[in-house]
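Spelled out from the first residue to the last, the chains are:
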Amino acid sequence: MTILVGYLPTPEGEAAVDAGLREGRLRGERVIIVNSPRRGAPVDERKISDAAGTELLRRAREAGVDAELRQPLHDDDLPGTFEELIRECDGTLIVIGLRHRSLVGKFILGSEAQRILMEASVPVLSVKAPAVRAEL
């Protein structure tokens, strides 16, 4: 049984990893951190470095969670990539971070997170990054 955590190097991605590691520890399940770059992109700022991946796995060890990092390439079907991993790894839960987008932004650009929420065959836990408060 495995928890899949969608990760991008953003505050929302960090919140997803934190929540996924908490769930993994609570449930006694393995966690797979999924950082999925777009296939064919010459540069993808969402792909993390080896050092960043090592740091994520260190955090998992410190949390007492068995974890691994996977970076499967995807085309325009990130939800399909998650479904393949669910089948392959006996996935029980997906954890993703969400950011605020306007209704127009969602309509024009679509939302991979929204598709994962609607199409996943397992429960999806969506988390927000902590709000940043401005100092007065």
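Residues numbered from 1 in each chain as written. Predicted model: local features only at pLDDT ≥ 70, side-chain atom pairs only at ≥ 80, totals over all residues. Heavy atoms only, no water.

**Student:** Looking at this model, I keep getting lost on the packing of helix H3 (residues 78–89) against helix H5 (residues 112–119). Mind explaining?
**Tutor:** It is at 8 Å that the axes of H3 and H5 come closest, and there the two elements cross at 45 degrees. Comparing the axis directions of H3 and H5 gives the class oblique. Every pair of crossing elements has a handedness; the one defined by H3 and H5 is right-handed. Contact residues: Leu78, Pro79, Phe82 and Glu83 in H3; Glu112, Arg115, Ile116 and Glu119 in H5. (Axes fitted to C-alpha atoms, helices over the stretch in contact; angles between N-to-C directions. Helix = DSSP H or I, 4+ residues; strand = E, 2+ residues; numbered from the N terminus. Parallel < 35°, antiparallel > 145°, perpendicular 65-115°, else oblique. Left-handed = near helix turned anticlockwise from the far one by under 90°. Contact = heavy atoms within 4.5 Å.)

**Student:** For this particular structure, what's the right way to read the pattern of salt bridges?
**Tutor:** Using the criterion set out here, one finds eleven salt bridges in the structure. Here Asp18 and Arg59 are joined by a salt bridge, their closest N and O atoms 2.7 Å apart. Remark: Arg59 occurs in helix H2 (residues 50–62) and Asp18 occurs in helix H1 (residues 11–27); sequence separation between them is 41 residues. Overall, Asp18 belongs to the partly exposed group, its relative accessible area being 35%. (Salt bridge = Lys/Arg side-chain N within 4 Å of Asp/Glu carboxyl O. Buried < 20%, exposed > 50% of the residue type's maximum accessible area, 1.4 Å probe, protein only.)

**Student:** In this structure, what is going on with the sheet that holds strand S2 (residues 30–34)? I would like to understand it.
**Tutor:** For sheets, the rule is that strands pair by backbone hydrogen bonds, running either parallel or antiparallel. The five strands are arranged S3-S2-S1-S4-S5 in an open sheet whose pairing can be described as parallel. In this open sheet, the two edge strands, each paired with only one partner strand, are strand S3 (67–70) and strand S5 (124–128). Averaged over neighbouring strand pairs, the angle between their axes works out to 20 degrees when direction is ignored. Where strand S1 (residues 2–6) meets S2, five bridges bridge the pair, whose relative direction is parallel. Considered in S2, the bridge of Val5 is made with Ile33. Relative to strand S4 (residues 91–98), H1 is tilted by about 150 degrees, and along the sheet it contacts S1, S2, S4 and S5. Relative to the sheet, H5 contacts S4 and S5, its axis offset from that of S4 by approximately 150 degrees. (Pairing = 2+ DSSP bridges.)

**Student:** How should the nonpolar core be read in this particular structure?
**Tutor:** In globular proteins that are soluble, nonpolar side chains generally tend to be buried together. Core analysis: the largest hydrophobic core is formed by 17 residues, its most contacted members being Val5, Val17, Val31 and Val95. Put simply, the parts of the chain that give this core at least two residues each are S1, H1, S2, H2 and S4. When residues of this core are assigned to their parent elements, the largest contribution, five residues, is made by H1. With sequence-adjacent residues up to four places away left out, Val31 is seen in contact with Ile3, Val5, Gly20, Leu21, Gly24, Val65, Asp66, Ala67 and Glu68. Leu85, Ile94, Ile116 and Val122 belong to the second-largest nonpolar core, a separate cluster that totals twelve residues. (Core = buried A, V, L, I, M, F, W, Y, C linked by side-chain atoms within 4.5 Å.)

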